[in-house]
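Results of the structural survey
Below are the chains, spelled out letter by letter.
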Amino acid sequence: MPKRVMQGAVVSSKGDKTVVVNIERTFQHPLLKKIVRRSKRYHAHDENNQYKEGDLVQIQECAPKSKLKRWEVIGLGSKG
């Protein structure tokens, strides 16, 4: 099964080898038929501590690396 890849902004890089990435998604509400925005934060592994707050990054699923980390950063994302 292919690994999921998502793109979002780094909101925290205070942890050692860890960044927190905010992923925002939009969908249509099933009853109200309005476009709704929801966001979720993912803890991702950053081996070299190279990504800082505000960076747009791509994250990919991986085997669990700690209690919260199930994702790893695979590179900078593209705008647009």
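Above this text sits the structure in question.
The rules behind each value
- Residues numbered from 1 in each chain as written.
- Predicted model: local features only at pLDDT ≥ 70, side-chain atom pairs only at ≥ 80, totals over all residues.
- Heavy atoms only, no water.
- Helix = DSSP H or I, 4+ residues; strand = E, 2+ residues; numbered from the N terminus.
- Contact = heavy atoms within 4.5 Å.
- Polar contact = N/O pair within 3.5 Å; in protein donor to acceptor, adjacent residues only side chain to side chain.
- Pairing = 2+ DSSP bridges.
- Axes fitted to C-alpha atoms, helices over the stretch in contact; angles between N-to-C directions.

Structurally, Asn49 can be placed in the loop between strand S3 (35-45) and strand S4 (56-61). Counting along the chain gives 27 residues from Asn49 to Asn22, while the straight-line C-alpha distance between them is 17 Å. For Asn49, the residues in contact, after removing those within four places along its chain, are Gly15, Asp16, Lys17 and Thr18. Within polar-contact distance, the side chain of Asn49 engages the side chain of Asp16 at 3.1 Å.

This brings us to the sheet that holds strand S5 (residues 71-76). Spatial strand order, S1-S2-S3-S5-S4: five strands in a closed barrel with mixed pairing. Averaged over all pairs of adjacent strands, the angle between strand axes in this sheet comes to 50°, irrespective of strand direction.

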